[in-house]
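Summary of the model geometry
Below, each chain spelled out in residue letters.
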Amino acid sequence: MRPLTRTVLAFAVLLFASAPAVFASDKPVLACIGAKVYPSPTDPPIENAVLIMSEGKIVTLAPNNAAKYHLPDSATKLDCAGKVVVAGFWNSHVHFETGWDDAASAPSAKLEAHMQEMLTRWGFTTVWDLGSLPQNTLALRRRVEAGEIPGPKILMAGDIFPKNGHPVYLPPEMQLPEAATPQEAEQMAKQYMAMNLDGIKLFTGAFMGNKPVINMDTAIVKAAVDVAHAQGKPVFAHPQNRTGTDNALNGGVDILAHTIPTEGSFTGGELAQMKRQHSALIPTLTLWTTVVQDPKIQNQLVDAGVSELKSYFSEGGTILFGTDVGFIPNYDTTQEYEFMGRAMGWRDILASLTTNPSAYFKASNTGRVEKGMNADLVVLDADPATDVRNFARVTYTIRAGKVIYKK
Ligand SMILES: [Zn+2]
């Protein structure tokens, strides 16, 4: 054995052969043994791993031959042999809109079934609601946090629209907060902050059908951004077109919640400004297959979205996974992965689902499979390294050490 190999081995022993984990006997323990674990998008995988969770955290992660552990009889053992484990996924653009009425009083079995269908069976352990009825989403969130409905952590942004910018795809009778002046936007943003929402979403471009897009003035954007940023909270924009993108960026918005495929591409100036301001981009590529009937135009929009994604990703820009699910009826994420895979590698897509949102939204206990981190995990039945669509093949979704979805 060469000295270097010995050193590496000694290091491995130091890393993994610490004292066996001890579990408080009254706390539930969850174990997943025999999987291939990707601790992060950049780390090499751990084959045949022992992964043990207790009290909401990961307490042991080591190769099976190096792990010392003793599981209490009460531990729940998942069959993880042949499976692939990655950190729990974020979907940074969802809506609890269609089919989520009456979240405060609807039967929990009904809400659980819908939660599985829309989110947990696709591996989501944290989601951003970018606009629904805030009181309804907050009621749903309370019931999830109380353990009544197995579900992801829900973050919620409050919407602000431009004056006379009621998008054609929203029911005309729906009351929308429209800001005509910076003062109105400031008041609305303050109300959302007082409701303890987690961010703001601005319609810097509202789609009006056959009529021109209504854009939000930069001064109005900035007034809302200032309120959110004073509380350290992020601002998303629905840009719709180039003016909506530029007004969002000039007003200091953090995240573009969509690509802008009808414009064909971002300009060099936009890409440079996005990079300089550390903006994040949510591609929502599957959405572009739902906005027109003609399959040829759908393909053109998707191609433009992919090329915009690729252009910002190649500049080193931050990409966050998001699908607009709950607005679009396509719950299956397979197609989004396939589209994103045209612009990025599987590790970059994994980053958009895990480490990127955890860094961007300062949730440092999530995003990696590592001792001490929140036990938010996805157990996949196939390796995304061989096909990005395998990110959608979820066997278990685990949040805070509890199975919230089982295939
Ligand atoms: Zn949306």
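This is a predicted model, so every value here is computed, not measured. Residue indices follow the written sequence of each chain, beginning from 1 at its first position. Reporting in this predicted model follows two pLDDT cut-offs: at least 70 for local features of residues, and 80 or more for side-chain atom pairs to be given and counted; totals over whole chains, interfaces and linings ignore these cut-offs and use all residues. To obtain the side-chain values, all non-hydrogen atoms of the structure were used and water was disregarded.

**Some thoughts on the overall build of the protein**
Helix and strand definitions here come from DSSP, where helices need a minimum of 4 consecutive H or I residues and strands a minimum of 2 consecutive E residues; each element is numbered from the N-terminal end. The helix and strand inventory of the protein stands at eleven helices and 19 strands. Throughout, radius of gyration means the C-alpha value; the globule benchmark is 2.2 Å times the number of residues raised to the power 0.38. For the protein, whose C-alpha radius of gyration is 22 Å, the value lies close to the compact-globule estimate of 22 Å for 407 residues. For the protein, the spread of C-alpha atoms along the principal axes amounts to about 70 × 50 × 40 Å. Burial classes: relative accessible area under 20% of the type maximum marks a residue as buried, over 50% as exposed, and values in between as partly exposed (1.4 Å probe, protein chains only). Every one of the 407 residues in the protein was classed for burial, and the buried ones make up 55%. Residue contacts follow a heavy-atom distance rule, with two residues in contact if any of their heavy atoms lie within 4.5 Å. Considering only contacts in the protein between residues 6 or more positions apart, those separated by 24 or more positions represent 70%. Here, Shrake-Rupley sampling with a 1.4 Å probe gives the accessible areas, and only protein chains in the shown set may cover a residue. Carbon and sulfur atoms make up 53% of the accessible area of the protein, which amounts to about 17,500 Å² in all. Under this rule, positive means Lys or Arg and negative means Asp or Glu; His and the chain ends count for nothing. The atoms used to mark charge sites are NZ of Lys, CZ of Arg, CG of Asp and CD of Glu. One way to put it: in the protein the 36 positive side-chain charges average out to a point 7 Å from where the 40 negative ones average out.

**A word on the pattern of salt bridges**
The working definition used for a salt bridge is a side-chain nitrogen of Lys or Arg within 4 Å of a carboxyl oxygen of Asp or Glu. Applying the stated criterion to the full structure yields 14 salt bridges. One salt bridge in this structure joins Arg399 and Glu145, with 3.0 Å as the shortest N-O distance. Remark: Glu145 occurs in helix α3 (residues 134-145) and Arg399 occurs in strand β18 (residues 394-399); sequence separation between them is 254 residues. Residue classification places Arg399 among the buried positions, given a relative accessible area of 16%. As a salt-bridge pair, Lys222 and Asp226 come within 3.1 Å of each other at their nearest N and O atoms. Of this pair, Lys222 and Asp226 both sit in helix α5 (residues 218-230), separated by four residues, roughly a single helical turn. Looking at Lys222, the relative accessible area reads 42%, which means it is partly exposed.

**Side note on the confidence of the model for the protein**
Mean pLDDT over the protein: 94, with 94% of residues reaching 70 or higher. Note that residues 1-17 has pLDDT below 50 and, in this model, eight contacts with residues that lie over four places away or in other chains. Per-residue confidence from the prediction method is given by pLDDT, with values spanning 0 to 100.

**Observations regarding helix α4 (residues 182-194)**
Given the number of residues in a helix, its expected span is that number minus one, multiplied by 1.5 Å. Counted at 1.5 Å a residue, the expected span for α4 with its 13 residues is 18 Å, and the 18 Å between its end C-alpha atoms agrees. Along α4, the residues classified as buried are Ala185, Met188, Ala189, Tyr192 and Met193. An end-on view of α4 places all buried positions within 140 degrees of arc, on one side of the element. Opposite its buried face, α4 presents the exposed residues Gln183, Gln191 and Ala194, each directed more than 90 degrees away. Think of it as the arc spanned by the lines of direction from the helix axis to the C-beta atoms.

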